[in-house]
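Residue strings, one per chain:
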Amino acid sequence: MRLQAICEGHSVSDQARMKVYESDGLTAKKQLPWLVLLPATIEQVQLIMQLCHAHQVPVVARGAGTGLSGGAMPHHEGVLLILARFNRILEVDQVNLLARVEPGVTNLAISDHVRPLGLFYAPDPSSQIACTIGGNVAENSGGVHCLKYGLTVHNVRKLVMISPEGERYELGSEAFDSAGYDLLALMHGSEGMLGIVVEVTVKLLPVPVEVAVLLAAFTDVGQAADAVGQIIDRGLIPAGLEMMDKLAVQAAEAFVHADYPLDAAAILICELDGSSVEIEQQQALLTQVLQTAGAVQVRCAKDAEERRKLWLGRKAAFPAVGRLAPDYYCMDGTIPRRELARVLRSIADFSQTHGLAVANVFHAGDGNLHPLILYDANQPGQLERAEAFGADILRLCIACGGTITGEHGVGVEKINEMCVQFTTEELNVFHGVKAAFDEQGGLNPGKAVPTLQRCAEFGAMHVHRGQEKFPELERF
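As a convention, each chain's residues are numbered from 1 in the sequence order in which they are written. Residue-level local features of this predicted model are given only where pLDDT is at least 70; pairs of side-chain atoms are given and counted only at 80 or more, and the full residue set underlies all totals for whole chains, interfaces and linings. Note that water and hydrogens are dropped before the side-chain values are worked out from all heavy atoms of the structure.

**Q** Got a minute to help me understand helix H10 (residues 276–292) in this structure?
**A** Every α-helical turn comprises 3.6 residues, leaving residues that sit three or four positions apart pointing alike. Look at H10: 24 Å from first C-alpha to last across 17 residues, which is about the 24 Å you get at 1.5 Å a residue. For every residue, the accessible area (1.4 Å probe, protein chains only) is compared with the maximum for its type, and the residue is labelled buried under 20%, exposed over 50%, or partly exposed between those bounds. Numbering of helices and strands runs from the N terminus; a helix is a DSSP stretch of H or I covering at least four residues, while a strand is a stretch of E covering at least two. Listed in full, the buried residues belonging to H10 are Ile279, Leu286, Val289 and Leu290. Buried residues in H10, looked at end-on, bunch into an arc of 100°, giving them a common side. For H10, exposure combined with an orientation more than 90 degrees from the buried face picks out Val277, Glu280, Gln281, Ala284 and Thr292. Should any heavy atoms of two residues lie within 4.5 Å, those residues are considered in contact. Looking at the buried residues of H10, the elements they touch are strand E12 (210–218), helix H8 (221–233), strand E14 (266–274) and strand E15 (297–300). Just beyond H10, the residue with positive phi is Gly294, at close to 115°. A helix is expected to span 1.5 Å for every residue after the first. The directions from the helix axis to the C-beta atoms form the arc being described.

Following this line, the structure appears as structure tokens:
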């Protein structure tokens, strides 16, 4: 086969071996691809795209497969284009604080590579040890430090792309700005629907002079949630501000022994960075705010090892919660900070309604929720109940002025909720953007942006945020 010949033996076509690639991190959605290709050069990607475009073969790009929305689920009649072999750090520009990397480089590998130079790459998703920078661009990933340092879009200067027709082009520049429309930002969060990323130039930052990590324990989840807004209101912008509820705390503590208080209803983990003087002033103010907000315990990590342990518990929360049930369903809604307490109360009510436990662990500072709904796919009806529970959470996020995704993307998981959040006119604009880059619609088809027919069938096309009330949301 001509496609297989391009990759010089790096392809998979038998069904048994393709099982490895049938899903990303959303294992509830599976599909075997027609063919798996693992190119290693830009020229090979171009040839693959040219051939697939000529024969109208769909293409789905995949990095490490750590995505949680089904964005990298294969197409049954298409090529799964895996970019894992694009794993080189090509150049580090210490003067301009830039690194040029291939899309298969893992997130953590960038910071590890430049740490001897006193630099780091700020976005740090919990899966950073495995997730790739190309996937981070596709989903516009954030992480625990996104409150102060921004998402992937704020930390990327340039992309090298391959179009559906196989043409190579660049977006952005190594300077602070580039001419024309901001197509660089458009590519972030586009979920592989507009082009194939083959090279990324990221922004590097100096490692902070001093770092302090504080843990605050609360006996009431609502108090912990309200404390988040009070911290920001006092002018503090922490490097990271994370929240975990009791179930998440207990799971993480049992898994990694981070010395979390097991009797707390919720904890906040807050990182401050800067000069010694800044840290001293901010720590005093932060402690005051937390105690006034109702924290029953506030402690600061004494050394680097204790700081590492506090963050390890948060970063290991997803696998830790995975030990509590055979399966979990991870949601990704984002809400204004002022709505945190209300939404968490509603999630607790949904847990009772649907009869499924939920652990909450999330980026509290920017309102990016990650409720982990526990279920057992082997028990009849539990997956459906988990999906219904998740849909209730996402519609609640919309009703509160938020959105259905912060960093995990829409993929196939949230495509129906796109019909709730956006009007016909808005969806038509999205389809127009897609057509401008991919007229045939061959890149990652069936993902992220629903067809109008699908929305009509879903029965939500009359809904418009901020105008009519959602019939589905009246109970909120």
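Right, picking up where we left off after that structure.
**Q** Looking at this model, I keep getting lost on the sheet that holds strand E10 (residues 196–203). Mind explaining?
**A** Working definition: the strands of a sheet are paired by backbone hydrogen bonds and lie parallel or antiparallel to each other. Strand pairing follows a simple DSSP-based rule, namely that at least 2 bridges must link the two strands. The strand order E5-E6-E10-E8-E9 describes an open sheet built from 5 strands, whose pairing is antiparallel. Pairing within the sheet leaves two strands with one partner each, and these edge strands are strand E5 (89–93) and strand E9 (168–172). Strand after strand, the sheet turns through a mean of 15° between neighbouring axes, direction not considered. Pairing of strand E8 (residues 156–162) with E10, which is carried by 6 bridges, proceeds in the antiparallel orientation. From the neighbouring strand, Val160 faces E10, where its bridge partner is Glu199. Axis definition: a line fitted to C-alpha atoms, over the contacting stretch in the case of helices. Angles run 0 to 180 degrees between N-to-C directions.

**Q** Is there a simple way to think about the state of the cysteines in this case?
**A** Each disulfide consists of one covalent bond between the sulfur atoms belonging to two cysteines. A pair of cysteine sulfur atoms is labelled a disulfide when the two atoms are within 2.5 Å. Under the defined criterion, the tally for this structure stands at 1 disulfide. The disulfide bridge from Cys419 ends at Cys455, spanning 2.1 Å between sulfur atoms. Sign of the S-S torsion, about -80° for the bond between Cys419 and Cys455, identifies this disulfide as left-handed. A residue pair is termed long-range when its members are at least 10 positions apart, and Cys419 in helix H15 (residues 415–421) and Cys455 in helix H17 (residues 452–458) qualify at 36 residues. The pair Cys419 / Cys455 is uniform in exposure class, with both members buried. Among the cysteines around Cys400, which has no disulfide bond, Cys397 carries the closest sulfur, lying 6.9 Å off.

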